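Each chain is listed here by its residues.
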Amino acid sequence: MDNELTNPEIPVPDELQSAVTITSLDRIYNWGRRSSIWPMVFGLACCAIEMICTAASRFDIARFGMEVFRATPRQADLMIVSGTVTKKMAPLIVRLFNQMPEPKYVLAMGACASGGGPFKDGYNVVSGIDKFLPVDVYVPGCPPTPQALLHGLIKLQQKIDNQSIKAVRWYGQQTSEAVPLPVLGPDLLDPRQHALLAQQAGQPNETAEPGEA
Amino acid sequence: MAAQEIGAAPSEQTAVADPIVSRFEGALRPDERKGYEGYIVAAEGLPEVATGLRDELGYDYLSSVTGVDYLDGGQLEVVYHAYQTSGGPALNLKVQVDRENPVLPSLVSVYPGADFQEREIFDMYGVRFEGHPNLRRILMWDGFAGHPLRKDWREAYYEEENKPFDSRWPTGDVRRSEAANRFGKNVIYPAGFDFENWTPESDESLYASLNKVGSNGKTLQTDSLVVNMGPQHPSTHGVFRMVVALDGETITDLQPVMGYLHRSHEKIGERNTFLQNMPYTDRLDYLSSMGNNLGYALAVEKLMGVQVPERAEYLRVLMAELTRVSNHMWAIGFLLNDMGAFQTPALYAIRARELILDVFEATAGSRMMCNYMRFGGVARDLPETLRDENTLDFISDLAHNRLPAAIDELDRFLTGNEIVRARCIGVGVLPAEKAIAYSAAGPLLRASGVPYDLRRAEPYSIYDRLDFKVCTRSNGDVYDRYVIRIDEMRESVKICQQALRDMPAKGEIFSRKPQYNVRVPEGESYGRVENPKGELGYYVVSTGKTNPYRYHVRAPSFINLTVLGEMCKGHKVADAVVILGSIDIVLGEVDR
Ligand code: SF4
């Protein structure tokens, strides 16, 4: 295809000579998507404040075409998980993710969303949103500065740039599966750990010896 | 006013002719444990003592209720701190109850402000309060196993009672908690748990408890409707949920549901060393971390008995007041957001706030999580330069020119604005008596006409030397709560100017040798500050070790929400959003 297009024997009328540009379908498709990523209005904790600051005039997320925060997951492309994921909130976050249409991306903003952060040991804290959702970009920091968040968003754009319309999952044969909703039981239940739970509930944790990995 | 002195006086002296002991003969006795103060009340006598204190001795304001688990003594203790709104120190009451069968009379009928706090104690310790109108879990979900703050309850990633963990310190090994947990996740299950047949608790009982009024006698027949706003909702200031019963568009009942950001702050705080808690306090009310630091530092300093050098005191006050300005800026910006002035006022407010954040970043190293105060001073002095200017010049310019200009700008555009007035005046009215009864604090209390400001009522740090006025308004509606924030910002700017003028140019900023681990003498202490959102209190119990035995936060946002339902009743559903915005909550502090 490329050969054909770049073949100088294809006649291009004179008046169009300066108005034609040749590109690949992937590039133009990705260019459109990466320049208008709409994040969801979704703040969890302290990191959300920095996310709002990123959207405000000083850091101006609009430079990247991302200022259109949508309050409904149905219209959003990007979920910025900005804060601590608690067990009580986890089912709702997963549900919101399931409600987003493809193509969708997840950005874990801050230490908490990436791995539990300072509150990891807490009894109501999930150690990172990646225990449930596929994360595209992790942004470290507590909270990440607006500059760091912007850097993460640029990384996401680069990721989008490298996707190919032929391989992306949302044009594939299978429909994309919903992530199973965690359930609030005596503790947070993950339906995917079903069997393990039945087998091992009630047994004490192995307290690994000091120094053991 | 002899009663005012009692809370602070050592117990040996109070035993002689203590009006409280003689008034409630037999119902209470002074707490004589070392380092403790206040009185121990017998459980049966509690409502009577509370009523007497409120009606006869003027202790009309119940500030904080919390529990402590004295595992060794087999007892749970519930601790009450009450104040007189005319000022003065706390009256500290304690009730002890058996760990195995903890039942206490509820104080909601005497002090309605105890409502959420008693529910929290029920949730965290399992104490049942008889007579409580709605005793259900508040931070964790119904069906959660156990009462997490009990000392024998262990979280899934439990390693040891206290940090630093032997496995990592002093050798510096790194280990991931996942490795020790059989599910590799932060969960733990009781033996024989039947996954297949588990049905989670539904919200039906919550919905059923709402007061749904039919449309009696009205021409238009409307159905009663229950609407969930949140926890994911663009106007709830975080993951906060309001369950609203509606008659048409009018609110007949409103129940706040919280806990979606409950990060186990207190349990983690009891494992941490005293100093390790300092950065965690930043994350309570993450819009005013300097104020949070100050409150915690005061509580621990009280126990340790350390002095703070002069320059450090000024730095503390300067930072705390800048925090107040930045917090109120944010609050006003987003109050307007809630009214539908989407984004524009908030952008102006955030722009002004950024100026202050620059000062914080240069001084403390972080824009939001300052972690700046230490027990006995502050962590760092002001840097030489800030944005290529001399730091002091930069801050003076802020305090004298740029912040006042930013405040005037908001004032000019908003205060007289017709839409703002139409949406705010007469909405969410909170009368003074109700504000006191419901333990409302901060701008919420003062907008209702109660001139209670801790910086005057029980001055801490150097506030007694500073000249500022306690702003009050009289109507107690949303509009007054907005105006009072503008007024308070002006006062804060004035305090900053005085602090800059009087601050010693050089001097110590830390009175002790910097230490990683401090040992804190036995006893209890309650440190409180006037944070931008209201009275922030820390109740700390030390057993003489390097870790707090009990660490409780009296969070103003949390307790201010107690009265939310009351304020919303009868208004339209869109007003609930505005009323919530006018309370100015931060979920990090509500849920902790
Ligand atoms: S990473 Fe830090 S700033 Fe972000 S939510 Fe967690 S504690 Fe808050």
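**Brief notes about the sheet that holds strand β9 (residues 241-247) of chain B**
Residues and elements named next belong to chain B.
Stage number 1. An order of β8-β9-β10 is seen for the 3 strands of this open sheet, with the pairing classed as antiparallel. Unpaired on one side and paired on the other, β8 (224-229) and β10 (250-257) mark the two borders of the sheet. Averaged over all pairs of adjacent strands, the angle between strand axes in this sheet comes to 20°, irrespective of strand direction.
Stage number 2. Two strands pair when backbone bridges link them, and β8 and β9 are joined in this way by 6 bridges, in the antiparallel orientation. Paired with M229 across the bridge in β9 is M242.
Stage number 3. Packed onto the sheet, helix α21 (residues 573-583) meets β8, β9 and β10 and runs at close to 40° relative to β10.

**Regarding the pairing of strand β16 (residues 534-542) of chain B**
Residue and element names in this part refer to chain B.
Stage number 1. Most of β16 is tucked away: 9 of the 9 residues are buried.
Stage number 2. Hairpin remark: strand β15 (residues 523-531) followed by β16, antiparallel, with 2 residues in the connecting loop.
Stage number 3. Examined bridge by bridge, β16 and strand β17 (residues 548-554) share 6 bridges and lie antiparallel to one another. For V541, the partnering residue across the bridge sits in β17 and is R550.

**With respect to the side chain of B:R324**
Residues and elements named next belong to chain B.
Stage number 1. Structurally, R324 can be placed in helix α11 (residues 310-339).
Stage number 2. Accessibility expressed as a relative area gives 2% for R324, which makes it buried.
Stage number 3. R324 has contacts with R455, Y463, E488, S492, E530, N531 and P532, leaving out every residue within four places of it along the chain.

**Concerning the site of the ligand**
Stage number 1. Looking at the ligand, there are 16 residues lining it, with A:C46, A:C47, A:A111, A:C112 and A:C142 nearest.
Stage number 2. Site remark: the ligand is flanked by residues from chains A and B.
Stage number 3. Of all the secondary-structure elements, those providing two or more residues to the shell around the ligand are α3 (46-55) and α5 (110-115) of chain A.
Stage number 4. In terms of residue count, the dominant contributor to the shell around the ligand is α5(A) (3 residues).

**A closer look at the interface of chain A and chain B**
Stage number 1. Contact with chain A, which involves 64 residues of that partner, is made by 71 residues of chain B.
Stage number 2. Between chain A and chain B, a total of about 6,200 Å² is buried, with carbon and sulfur atoms accounting for 61% of that surface.
Stage number 3. Counting the surface chain A buries against chain B, the share from its top three residues, A:K88, A:Y123 and A:P186, is 14%.
Stage number 4. In this assembly, chain A and chain B are joined by 5 salt bridges.
Stage number 5. When the shortest N-O distance is used, the salt bridge between A:R58 and B:D358 registers 3.1 Å.
Stage number 6. Counting across the chain A and chain B interface gives 21 residue pairs in polar contact (both at pLDDT 80 or more).
Stage number 7. Those elements that provide at least two residues to the side of chain A that touches chain B are α3, α4 (90-99), β4 (183-184), β5 (188-189) and α7 (194-200) of chain A.
Stage number 8. Per-element tally for the side of chain A that touches chain B: the top contributor is α3(A), with 5 residues.
Stage number 9. Of the residues contributing to the side of chain A that touches chain B, the split by class is 35 nonpolar, 16 polar and 13 charged.

**Considering the sheet that holds strand β4 (residues 75-83) of chain B**
All names here are of chain B.
Stage number 1. Here we have 5 strands laid out as an open sheet, ordered β1-β2-β5-β4-β3, and mixed in their pairing. Edge positions in the open sheet fall to β1 (28-30) and β3 (61-70), since each of these has one partner strand only. With direction set aside, neighbouring strand axes in the sheet form an average angle of 25°.
Stage number 2. Pairing of β1 with strand β2 (residues 39-41), which is carried by 3 bridges, proceeds in the antiparallel orientation. The partner of R29 across the bridge, within β2, is I40.

**Quick notes on the packing of aromatic side chains**
Stage number 1. Considering all chains together, one arrives at 16 aromatic pairs over all chains under this definition.
Stage number 2. With a centroid separation of 5.8 Å and 15° between ring planes, the pair formed by B:Y70 and B:Y549 is classed as stacked. Remark: B:Y549 occurs in strand β17 and B:Y70 occurs in strand β3; sequence separation between them is 479 residues.
Stage number 3. Residue class for B:Y70 comes out buried when judged on its relative accessible area of 17%.
Stage number 4. Aromatic pair B:W330 and B:F334: ring centres 4.7 Å apart, planes at 20°, arrangement stacked. Taken together, the positions of B:W330 and B:F334, both in helix α11 and 4 residues apart, correspond to about one turn of that helix. The residues B:W330 and B:F334 share a single accessibility class, namely buried.
Stage number 5. Among the aromatic residues, those joined into a cluster by ring pairs are A:Y123, B:W141, B:F144 and B:W153.
Stage number 6. The ring of A:F132 has B:K185 lying over it, and the distance from NZ or CZ to the ring centre is 5.0 Å.

**Re the confidence of the model for chain B**
Stage number 1. Residues of chain B with pLDDT of at least 70 account for 95%, and the chain-wide mean is 85.
Stage number 2. The complex prediction reports pTM at 0.86, with the ipTM value standing at 0.85.

**Quick word on unusual backbone geometry**
Stage number 1. At the junction of A:E102 and A:P103, the peptide bond is cis and its omega measures out at -10° in the coordinates.
Stage number 2. With respect to the element layout, A:P103 can be found in the loop between α4 and β2 (105-109).
Stage number 3. Going from A:C142 to A:P143, the amide bond is cis rather than trans, its omega being -10°.
Stage number 4. In this structure, A:P143 sits in the loop between β3 (137-139) and α6 (146-161).
Stage number 5. Phi is positive for A:D60, which is not a glycine, with a value near 50°.
Stage number 6. Note that A:D60 resides in the loop between α3 and β1 (78-82).
Stage number 7. Of note, B:S264 is a non-glycine position whose phi angle comes to about 60°, a positive value.

**Details of the side chain of B:T562**
All names here are of chain B.
Stage number 1. Within the fold, T562 resides in the loop between α19 (556-560) and α20 (564-568).
Stage number 2. At 2.6 Å, the side chain of T562 forms a polar contact with the backbone oxygen of I559.
Stage number 3. T562 has contacts with P112, G113, D115, F116 and Y438, leaving out every residue within four places of it along the chain.

**Thoughts on the pattern of salt bridges**
All names here are of chain B.
Stage number 1. Under the criterion given, the structure shown has 54 salt bridges over all chains.
Stage number 2. In this structure, R154 engages E161 in a salt bridge whose closest nitrogen and oxygen atoms are separated by 3.9 Å.
Stage number 3. Assessed through its relative accessible area of 45%, R154 is described here as partly exposed.
Stage number 4. Residue classification places E161 among the partly exposed residues on the basis of a relative accessible area of 32%.

**Quick notes on the nonpolar core**
Stage number 1. Counting residues in hydrophobic clusters, the biggest one holds 228 residues, and the most contacted among them are A:M79, B:Y80, B:F375, B:L561 and B:L564.
Stage number 2. In contact with B:L561, other than residues within four places in its own chain, are B:F116, B:F240, B:P256, B:M258, B:L580, B:I583, B:I585 and B:V590.

**Points about the packing of helix α12 (residues 344-364) of chain B against helix α13 (residues 391-415) of chain B**
Residue and element names in this part refer to chain B.
Stage number 1. At a closest axis distance of 10 Å, the pairing of α12 and α13 adopts a crossing angle of 165°. Classified by the angle their axes make, α12 and α13 are roughly antiparallel. The crossing of α12 and α13 is left-handed. Packed against α12, whose contacting residues are Y348, R351, A352, L355, I356 and V359, the element α13 presents F394, I395, L398, R402, L403, A406 and E409 at the interface.
Stage number 2. Here the contact of α12 with α13 is built from residues that sort into 10 nonpolar, no polar and 3 charged.

**Describing the environment of B:Y70**
Stage number 1. Each C-alpha atom of the pair B:Y70 and B:Q96 lies 9.6 Å from the other, and the pair is 26 residues apart in sequence.
Stage number 2. Residues contacting B:Y70, with those up to four places away along its chain left out, are B:R33, B:Y36, B:Q75, B:E77, B:R99, B:V541 and B:Y549.

**Thoughts on α6(A)**
Residue and element names in this part refer to chain A.
Stage number 1. Over its 16 residues, α6 runs 22 Å from end to end, which matches the ideal 22 Å to within 8%, given 1.5 Å per residue.
Stage number 2. P146, L149, L150, G152, L153, L156, Q157 and I160 are the residues of α6 that are buried. Taken end-on, α6 shows its buried residues confined to a sector of 155°, consistent with a single buried face.

Rules used throughout
- Residues numbered from 1 in each chain as written.
- Chains lettered and ligands numbered in written order.
- Predicted model: local features only at pLDDT ≥ 70, side-chain atom pairs only at ≥ 80, totals over all residues.
- Heavy atoms only, no water.
- Pairing = 2+ DSSP bridges.
- Helix = DSSP H or I, 4+ residues; strand = E, 2+ residues; numbered from the N terminus.
- Axes fitted to C-alpha atoms, helices over the stretch in contact; angles between N-to-C directions.
- Contact = heavy atoms within 4.5 Å.
- Buried < 20%, exposed > 50% of the residue type's maximum accessible area, 1.4 Å probe, protein only.
- Near = heavy atom within 4 Å.
- Buried area = accessible area lost by both parts, 1.4 Å probe.
- Salt bridge = Lys/Arg side-chain N within 4 Å of Asp/Glu carboxyl O.
- Polar contact = N/O pair within 3.5 Å; in protein donor to acceptor, adjacent residues only side chain to side chain.
- Nonpolar A, V, L, I, M, F, W, Y, C, P; charged D, E, K, R; others polar.
- Phe/Tyr/Trp six-rings, centres within 6.5 Å; stacked < 30°, edge-to-face > 60°.
- Lys NZ or Arg CZ within 6 Å of the ring centre and 35° of its normal.
- pLDDT = per-residue confidence, 0-100.
- Core = buried A, V, L, I, M, F, W, Y, C linked by side-chain atoms within 4.5 Å.
- Parallel < 35°, antiparallel > 145°, perpendicular 65-115°, else oblique.
- Left-handed = near helix turned anticlockwise from the far one by under 90°.
- Expected span 1.5 Å × (residues − 1).
- Arc of directions from axis to C-beta.

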